[in-house]
Amino acid sequence: MGRPALEVADIFRAHGPAWRQAQAGHLSPGQFKVMSAIEQCRTAALGGHVLRCDACDTVEISYNSCRNRHCPKCQAKAAQRWLDARQADLLPVEYYHVVFTLPAPISAIAYTNKAVIYRLLFDVAAETLATIAADPKHLWAQIGITLVLHTWGSALTHHPHVHGIVPGGGLSPDGERWIACRPGFFLSVRVLSRLFRRRFLEELEKAHHAGQLRFFGEHDGLADATAFVRWLAPLRKCEWVVYAKRPFAGPKAVLAYLSRYTHRVAISNRRLVSLDDRGVTFRWKDYRARGRTRHKTMTLAADEFMRRFLLHVLPGGFHRIRHYGLIANAGRREHLAKVRALLNAPPPAIAVATCEAAERPTFVCRCCGAAMSVIETFLRRQPIRAPPGGDT
């Protein structure tokens with residue numbers, strides 16, 4: 001697949017320096033780091049290596065990647081490595097896709113409280129699924145949950161939500177039976193929504209009481225406890241969006257889906273259309289429309305495009321893929337082995353795939369498809385830490 005005609009890096013290189021200067025004091029160190037990484041990705045600034053084809057002797061230069069998790073160019077290999085590791089976790093059962101979304105007022109304060117509110121979104125969504133699944137009125141089983149955080153809408157607006165991938169069943173309370181859910185139906189989204197709303201607002205109020213939330217601008221008054229309780233009141237009555245999509249057609253479909261979602265960034269280079277005097281034009285999907293009218297183009301000023309892109313920079317060290325219940329890191333192997341025994345399912349056949357992956361060459365010739373070997377490396381440019389000294 002060739003290089004897209006336009007990349008996020010091109011926009012940052014063209015308009016980033018002036019915008020950074022204009023936004024001095026308003027951008028976080030993390031946002032500066034993301035911009036710098038994307039601008040330098042696969043350029044001489046990061047160093048690289050010279051390659052020669054083992055078959056046709058073609059020589060080419062390959063520059064190093066930045067490997068930043070927000071970079072549109074650096075996610076494919078990371079996603080593949082993650083998917084290869086996850087194959088061992090798949091079970092021969094139906095899988096369901098559940099989405100938990102925060103209301104707009106909470107999304108608005110989440111931007112300045114990312115670590116706290118995104119953590120609550122993860123933990124409360126997982127708790128909600130586990131609680132309703134364990135209820136004898138519903139599934140009465142312990143389930144496994146994978147949650148993936150996305151913070152954007154298709155137009156790059158701030159829209160925090162988590163995608164949940166859940167097997168269609170779980171272990172009985174005594175751990176001796178696999179309890180499958182009804183075909184085509186996992187759990188009631190209405191029940192999930194009500195519990196998610198109540199528990200999230202309870203935990204949000206606790207975070208406010210503990211002084212963990214910060215408020216600025218139009219939300220500055222919410223620092224007062226009484227004002228915050230009044231602000232929460234309408235949120236206790238409005239509908240919170242929780243929905244479940246139809247079940248996947250088997251484990252392979254789950255992997256195909258995960259390959260699109262796990263390491264996605266706010267916008268891919270493939271969606272960019274043009275950069276000109278009007279700004280940045282990109283493709284987006286309007287979910288309120290129907291049919292072909294859903295797919296549209298939008299043009300934003302370059303400054304606004306960069307601002308929206310950087311809305312989605314995550315706090316340092318924040319994990320946006322998390323596992324709970326049967327597939328939590330602690331006890332995952334034991335739980336999955338027990339479930340497979342109950343289902344009379346063989347262990348996952350990943351040995352061959354792993355060997356094939358190990359045998360694939362790291363670099364492939366664009367001319368003939370043969371493996372390429374590194375014949376020379378060159379280091380990244382050293383950053384200038386201070387102005388050069390004058391003559392003495």
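(A) Looking closely at helix α7 (residues 225-232). Among the residues of α7, A227, F228, W231 and L232 are the ones counted as buried. In a view along the axis of α7, the buried residues occupy a sector of 140°, so they form one face of it. Tucked into the core, α7 has its buried residues touching α4 (104-110) and α6 (189-209). Between the side-chain oxygen at the start of α7 and the backbone nitrogen of T226 there is a gap of 3.2 Å, and the oxygen is on D224.

(B) Summary view of the sheet that holds strand β8 (residues 242-245). Spatially, β8-β3-β5-β4-β12 is the arrangement adopted by the five strands of the open sheet, whose pairing is antiparallel. Edge positions in the open sheet fall to β8 and β12 (321-325), since each of these has one partner strand only. Averaged over all pairs of adjacent strands, the angle between their axes in this sheet comes to 25°, without regard to strand direction. Strand direction decides the pairing type here: strand β3 (residues 95-101) and β8, joined by four bridges, are antiparallel. By the bridge assignment, V99 is partnered in β8 with Y243. Its contacts with the sheet put α6 on β3 and β8, and the angle it makes with β8 is roughly 145°. On the sheet, helix α8 (residues 251-261) packs against β3, β4 (144-152), β5 (158-167) and β8 and is oriented at approximately 160° with respect to β5.

(C) Just the packing of helix α5 (residues 114-134) against α6, in detail. Here α5 crosses α6 at 140°, and the two axes come no closer than 9 Å. Relative to α6, the element α5 lies oblique. In terms of crossing hand, the pair formed by α5 and α6 is right-handed. Along its contact with α5, which presents V116, I117, L120, L121, V124, A125, E127, T128, L129, T131 and I132, the element α6 presents V191, L192, L195, F196, R199, F200, E203, L204 and A207. Taken together, the residues of the contact of α5 with α6 break down into 15 nonpolar, two polar and three charged.

(D) Molecular detail of the pairing of β3. Along β3, seven of the seven residues are buried, which leaves the element largely enclosed by surrounding structure. Bridge count between β3 and β5: seven bridges; the pairing is antiparallel. Its bridge partner lying in β5, Y95 is registered against P167.

(E) Region of the structure containing the nonpolar core. With 50 residues, the main nonpolar core has I106, L129, F186, F196, F200 and L204 as its most contacted residues. Of all elements in the fold, only β3, α4, α5, β4, β5, α6 and α7 reach the threshold of two or more residues within this core. In terms of residues, this core owes the most to one element, α5, which gives twelve residues. Those residues in contact with F186 that lie beyond four places of it in its chain are Y96, V98, L129, L139, I143, V166, P167 and C181. Core analysis: the second largest hydrophobic core is formed by 30 residues, M35, I38, F305 and V313 among them.

(F) The arrangement of the pattern of salt bridges in detail. Applying the stated rule across the entire model yields 19 salt bridges. The residue K338 makes a salt bridge to E176 at a minimum N-O spacing of 4.0 Å. Of this pair, K338 sits in helix α10 (residues 332-343) while E176 sits in the loop between β6 (169-171) and β7 (178-180), placing them 162 residues apart in sequence. Taken together, the salt bridges that share partners define one network made up of E127, R198, R199, E202, E203 and K206.

(G) Quick look at empty space enclosed by the protein. Under the defined criterion, the tally for this structure stands at two cavities of 30 Å³ or more. Computed from the structure, the largest cavity encloses a volume of approximately 150 Å³. In terms of lining, the largest cavity is formed by 14 residues, of which the most central are D89, L90, Y95, T146 and I327. Going through the elements one at a time, α3 (76-86), β5 and α8 are the ones with two or more residues in the lining of the largest cavity. Residue composition of the lining of the largest cavity, grouped by class: ten nonpolar, two polar and two charged. Each pocket or cavity is described by its volume, and for the second largest cavity that value is around 120 Å³. In this structure, the second largest cavity is lined by 13 residues; those nearest its centre are H70, W152, V265, A266 and H312.

Procedures and definitions
Residues numbered from 1 in each chain as written. Predicted model: local features only at pLDDT ≥ 70, side-chain atom pairs only at ≥ 80, totals over all residues. Heavy atoms only, no water. Buried < 20%, exposed > 50% of the residue type's maximum accessible area, 1.4 Å probe, protein only. Helix = DSSP H or I, 4+ residues; strand = E, 2+ residues; numbered from the N terminus. Arc of directions from axis to C-beta. Contact = heavy atoms within 4.5 Å. Polar contact = N/O pair within 3.5 Å; in protein donor to acceptor, adjacent residues only side chain to side chain. Pairing = 2+ DSSP bridges. Axes fitted to C-alpha atoms, helices over the stretch in contact; angles between N-to-C directions. Parallel < 35°, antiparallel > 145°, perpendicular 65-115°, else oblique. Left-handed = near helix turned anticlockwise from the far one by under 90°. Nonpolar A, V, L, I, M, F, W, Y, C, P; charged D, E, K, R; others polar. Core = buried A, V, L, I, M, F, W, Y, C linked by side-chain atoms within 4.5 Å. Salt bridge = Lys/Arg side-chain N within 4 Å of Asp/Glu carboxyl O. 1 Å grid on protein atoms, 1.4 Å probe; cavity = no way out; pocket = protein on both sides within 12 Å on 5 of 7 lines; lining within 4 Å. Points joined across faces, edges and corners; volume = space filled by probe spheres on them.

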